[in-house]
Amino acid sequence: MTSEVNPTATQHVEPLVDVNLLREIARKALVDSLNSSIVIDEAQVNGAKTLVLDASLAGPLGLITEVSLLKHHGVDKMFWLEPGALNSTTANIVYLCRPMIKYLRIIADHIKRHSKESKKHTYTLLLVPRTSNLVAQILEEEGVLGDITISSYNLQFIPLAEDVVSLEYDNTFKDVWVDGDETAIYDSAQALTTLQKLYGLFPRVVGKGDAAARLATLLTREAPKVFNSSLPDTLLSPSDKIDALIVLDRRVDMVTPMLTQLTYEGLIDEVIGIKNSHVELPASLLSPPVPSAPASNVPGPSTSPPTSSVPVTNLKKDAKKKYHLTTSTDPLLEELRDLNFSLVGKKLNRVARRLDEDYKTNLQSKTVAQLRDFVGKLGGLQTEHQSLRLHTGLSEMLVRMTRTERFNKSLEIQQNLLASYEVPAQITAIEEMIAEGADMQTVVRLLCLASVTAGGIKAKSLENLKREILQTYGYNYLPLLLSLSSPSLGLLLPNPLPSPAPASLSGSKYPFAALRKSLRLLIDDTPEGIDEVENDISFTYSGYAPISVRLVQCVAQKGGVISNPADKTTNGADAQHSSQEKLQAHPIVGWKGFEDVMTAIPGETVDIMQKGVTGRPHTVDSSGRKFLIATTGIISGGSVIDSISGIQPSSGGKTAATI
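Just so it is clear, the structure is predicted and the values come from calculations on it, not from any experiment.

**Some details on the packing of aromatic side chains**
Move 1: Following the criterion strictly, the structure yields 1 aromatic pair and no others.
Move 2: For the pair Tyr541 and Tyr544, a centre-to-centre distance of 5.7 Å together with 85 degrees between the ring planes defines the contact as edge-to-face.
Move 3: What makes Tyr541 buried here is its relative accessible area of 13%.
Move 4: The class of Tyr544 is buried, set by a relative accessible area of 1%.

Written out as structure tokens, the structure is:
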């Protein structure tokens, strides 16, 4: 995730920001684009279309539409956009893709092949999210510009949850920080402008980082006077539903992505991988169980993730199916997704016991009214039982990984580096992992973490580590190491820096040791300490609070940064009252109180009051503040390393496409 954008809104009974509106906007825009793709000819207005789809768009489109909707609007067949012949039986062919040169070459080849074979088709190119002069130039060079109509499909924020929207870009971090392509920053500004059109101007824009500053500039610049008369009213007055926009550049916090995610959903992402809110699971885990007694598969009491009759052995040989991780159809996910994995087993056991009791109680029903009530509840119980079965099987898969020596060694190195405990010993431990043939991603993430948290690695040790990585994993990773060492990233730096060092390299050193204290990043992870901070964000990383979240708290929840909200300064009701006071939301006043922290972190600091907003901060009611997270894409340390190295997981199929 290159930027983390957090519009914050005060809480009322009714939802103030309905993200489903964004889904409807995206659906309508897709339908309009497909309908306008047909040449206005009486014989073709209702003609069938062949949709040729960029495989990277299948996941995002699957979150906003269904195949049935596409078929309703004339899509007869769908194919992946890939090299080779395209055999279409429809007169209209619609290409839907991102504006990438490799796709334009493939499209040009299709048109030329059809021309040679004397096949007549009407071609339309829908570019996501907008057209480009370069596209027309390339198609003209290929000699097919006159044969194709170029249009756009303005796909912007896609709701992933009630409080998360994403552009679902795959390689934004690499594009911005390695290739210098800032297209994603412009696209983010356009998507945020759409939010402002719906709800009004963000009264205050606060941010940190160079890319965040560029986004804020694009977002807050005044429209030319000639266009002011055509602007919607919402873009002329501040929002009464959103009280601030907090923009965080991903470079502001490169520590968190390099750590292993320890929440339930985070570990699923680490072990299996989550893409576009979907995860590939063994088909046996998703298939209905063999009919048996209602509670036969309900796990018994245990403090670890419960056992199940689900066959989860030989996972690699088992057929895989995609599963949509969504709380709308999975009743247990809402309760499990943000839990530290150490608590998942206990939670599953409580659910299993409750379901067991519900089945036993309802099976004892005697009267007709009682039986009618049981039948009414049966569907919900079966759905919850299937969800329990799924998450029990998933937790078994995860617990196998978390019990391995290599996983725990990696976790120990991470915790020691965060505490700056015997850093040379941790570097030695990383070398040992290379010698043992540990996963390349894990090794590079640990190495970057060591460099960022310690302010660099001794030059001789760093060169030896780079040499060992290349000799162990292959010289095709040389571009990755060079990119990580570049001034734009500064994730692998020698300590001290060579003399004379470029100013950009000197300024990229991250002040982690200072931030660890000023932002209260580390919390006691002993069992007693864990009990105290269950409501603190550090609980998700077993004692480490993500820097990006602490920075949001600096603006919107200052009490959570300054002191422990669960600190045992008082007892009983007084302690609970004290905790609520510290966590209570307050008016947005920018970075006030944390100016020293902002000065220490590299990158520009942003604090802008939008035009037409008075200096008086919005009032916040006692119920607190809700957050909406908007991002260019969901990342993990593994996805960052993969994108920079150029290693991409295979996607798509050979012939027909499905959404």
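**Here we look at helix α18 (residues 440–454)**
Move 1: Relative to the 21 Å expected for 15 residues at 1.5 Å per residue, α18 spans 21 Å between its end C-alpha atoms, a close match to the ideal helical length.
Move 2: Burial analysis of α18 places 12 of its 15 residues in the buried class, the great majority of the element.
Move 3: Listed as buried for α18 are Met440, Val443, Val444, Arg445, Leu446, Leu447, Cys448, Leu449, Ala450, Ser451, Val452 and Thr453.
Move 4: Residue Asp439 occupies the N-cap position of α18, its side-chain oxygen lying 3.3 Å from the main-chain nitrogen of Gln441.

**Structural notes on the packing of helix α16 (residues 405–418) against helix α17 (residues 423–435)**
Move 1: The interhelical angle for the contact between α16 and α17, taken along N-to-C directions, is 155 degrees, at an axis separation of 10 Å. The pairing of α16 with α17 is recorded here as roughly antiparallel in orientation. Note on packing geometry: the crossing formed by α16 with α17 is left-handed. Note on element contacts: α17 touches α16 through Val423, Gln426, Ala429, Ile430, Glu432 and Met433, opposite Arg406, Lys409, Ser410, Ile413, Asn416 and Leu417.
Move 2: When its residues are assigned to classes, the contact of α16 with α17 shows 6 nonpolar, 3 polar and 3 charged.

**Some words on helix α7 (residues 183–199)**
Note on helix geometry: an α-helix contains 3.6 residues per turn, so any two residues three or four positions apart are oriented the same way.
Move 1: The terminal C-alpha atoms of α7, which comprises 17 residues, lie 25 Å apart, in line with the 24 Å expected from a rise of 1.5 Å per residue.
Move 2: At the exit of α7 stands Gly200, carrying a positive phi of roughly 100 degrees.

**Examining the packing of helix α1 (residues 20–35) against α7**
Move 1: In contact at an axis separation of 12 Å, α1 and α7 are set at 115 degrees when each is read in the N-to-C sense. When the axes of α1 and α7 are compared, the pair comes out roughly perpendicular. In the packing of α1 onto α7, the handedness of the crossing is right-handed. In this structure, α1 contributes Leu21, Leu22 and Ile25 to the contact, and α7 contributes Thr194, Leu195, Leu198 and Tyr199.

**Notes on the sheet that holds strand β6 (residues 148–152)**
Move 1: Taken together, the 5 strands give an open sheet; going across it, the order is β3-β2-β4-β5-β6, and neighbouring strands pair in parallel fashion. Looking at strand neighbours, the two that pair on one side only are β3 (75–80) and β6, the edges of this open sheet. Taking each pair of neighbouring strands and ignoring which way they run, the sheet shows an average axis angle of 20 degrees.
Move 2: The pairing of strand β2 (residues 49–53) with strand β4 (residues 92–97) spans 5 bridges and is parallel. Considered in β4, the bridge of Lys49 is made with Asn92.
Move 3: The strands that helix α4 (residues 101–116) touches are β4, β5 (122–127) and β6; relative to β4, the one it contacts most, it runs at about 170 degrees.
Move 4: Sheet strands touched by helix α5 (residues 133–141): β5 and β6. Its angle to β6, the strand with the most contacts, is close to 165 degrees.

**Comments concerning the side chain of Ser33**
Move 1: Within the secondary structure layout, Ser33 lies in helix α1.
Move 2: The buried category is assigned to Ser33, whose relative accessible area is 7%.
Move 3: Ignoring any residue separated from it by four or fewer positions in sequence, one finds Ser33 in contact with Leu126, Ser152 and Tyr153.

**Brief notes about the sheet that holds strand β11 (residues 274–275)**
To summarise the sheet geometry, strands pair through backbone hydrogen bonds and adopt either a parallel or an antiparallel arrangement.
Move 1: The 3 strands lie next to each other as β11-β12-β13, forming an open sheet whose pairing is antiparallel. The open sheet has two free edges, formed respectively by β11 and β13 (320–324), since each of these has just one partner strand.
Move 2: Here 5 bridges tie strand β12 (residues 278–282) to β13, and the two strands are oriented antiparallel to one another. Across the sheet, Pro282 pairs through a bridge with Lys320, a residue of β13.

**Some points on the confidence of the model for the protein**
Move 1: On average, residues of the protein carry a pLDDT of 82, and 77% of them reach 70 or more.
Move 2: This model gives residues 7–13 a pLDDT under 50, and the stretch forms 33 contacts once residues within four places in sequence are excluded.
Move 3: When the criterion is pLDDT under 50, residues 39–45 qualifies, and its contacts beyond four places in sequence or with other chains add up to 7 contacts.

**Quick notes on a nonpolar patch on the surface**
Move 1: A cluster of nonpolar residues, Leu21, Ile25 and Leu198, forms a patch on the protein surface that exposes about 210 Å² of accessible area.
Move 2: Topologically, Leu21 is positioned in helix α1.

**Concerning the environment of Lys458**
Move 1: Tracing the chain through its elements places Lys458 in the loop between α18 and α19 (459–473).
Move 2: Lys458 sits in the exposed class, given a relative accessible area of 61%.
Move 3: A sequence separation of 35 residues divides Lys458 from Leu493, and the C-alpha atoms of the two residues are 8.6 Å apart.

**Focus on the pattern of salt bridges**
Charged atoms that come close allow side chains of opposite charge to pair.
Move 1: One pass over the full model with this rule turns up 22 salt bridges.
Move 2: Linking Glu142 and Lys112 is a salt bridge whose minimum nitrogen-to-oxygen distance equals 2.8 Å. With Glu142 in the loop between α5 and β6 and Lys112 in helix α4, this pair connects stretches of sequence that are 30 residues apart.
Move 3: Lys112 sits in the partly exposed class, given a relative accessible area of 34%.
Move 4: Among the salt bridges present, the one from Arg354 reaches Glu384, with a minimum N-O distance of 2.2 Å. Of the two residues, Arg354 is situated in helix α14 (residues 344–363) and Glu384 in helix α15 (residues 368–402); the sequence distance between them amounts to 30 residues.
Move 5: Judged by relative accessible area, which is 15%, Glu384 ranks as buried.

**Notes on the environment of Leu411**
Move 1: As for its placement among the helices and strands, Leu411 is situated in helix α16.
Move 2: Sequence separation of Leu411 and Leu259 is 152 residues, and the distance between their C-alpha atoms is 8.2 Å.
Move 3: Setting aside its immediate chain neighbours within four residues, Leu411 contacts Thr260 and Leu262.

Rules behind the numbers
Each chain carries its own residue numbering, running from 1 in the direction its sequence is written. For this predicted model, a pLDDT threshold of at least 70 governs which residues receive local features, and a threshold of 80 or more governs which side-chain atom pairs are given and counted, while totals over whole chains, interfaces and linings are taken from all residues. In computing side-chain values, all of the structure's heavy atoms are included and hydrogens and water are not. In summary, the pairing rule links any two rings of Phe, Tyr or Trp, Trp by its six-membered ring, whose centres are within 6.5 Å, and it sorts them by plane angle into stacked for under 30 degrees, edge-to-face for over 60 and tilted for everything else. Burial classification: accessible surface area is computed with a 1.4 Å probe over protein chains only, and a residue below 20% of its type maximum counts as buried, one above 50% as exposed, and the rest as partly exposed. By the criteria applied, helices consist of DSSP H or I runs no shorter than four residues and strands consist of E runs no shorter than two, each listed in order from the N terminus. Expected span, for any helix, means 1.5 Å times one less than how many residues it has. Counted as a polar contact is a pair of N or O atoms within 3.5 Å, where, for protein atoms, one must be capable of donating a hydrogen and the other of accepting one, and residues adjacent in sequence contribute only when both atoms are in side chains. Structural elements are reduced to axes, namely lines fitted to C-alpha atoms, with helices fitted over the stretch in contact, and the angle between N-to-C directions of any two is expressed from 0 to 180 degrees. Angles below 35 degrees are treated as roughly parallel, those above 145 as roughly antiparallel, those between 65 and 115 as roughly perpendicular, and all remaining angles as oblique. Crossing handedness is read from the near helix: turned anticlockwise from the far helix by less than a right angle, it gives a left-handed crossing, and turned clockwise, a right-handed one. Contacts between residues were defined by any pair of non-hydrogen atoms, one from each residue, lying within 4.5 Å. As a working rule, the residues Ala, Val, Leu, Ile, Met, Phe, Trp, Tyr, Cys and Pro are called nonpolar, Asp, Glu, Lys and Arg charged, and the rest polar, with Gly in that last group. One bridge is not enough; two strands pair if DSSP finds at least two bridges between them. For every residue, the predictor states its confidence as a pLDDT score lying anywhere from 0 to 100. Grouping into patches uses exposed residues only, defined as over 30% relative accessible area, and leaves out salt-bridged ones; the cut-off is 9 Å for like charges and 5 Å for nonpolar side chains (Val, Leu, Ile, Met, Phe, Trp, Tyr). Per-residue and other accessible areas follow the Shrake-Rupley method at a 1.4 Å probe size, with only the shown protein chains counted as cover for residues. Each reported salt bridge corresponds to a side-chain nitrogen of Lys or Arg within 4 Å of a carboxyl oxygen of Asp or Glu.

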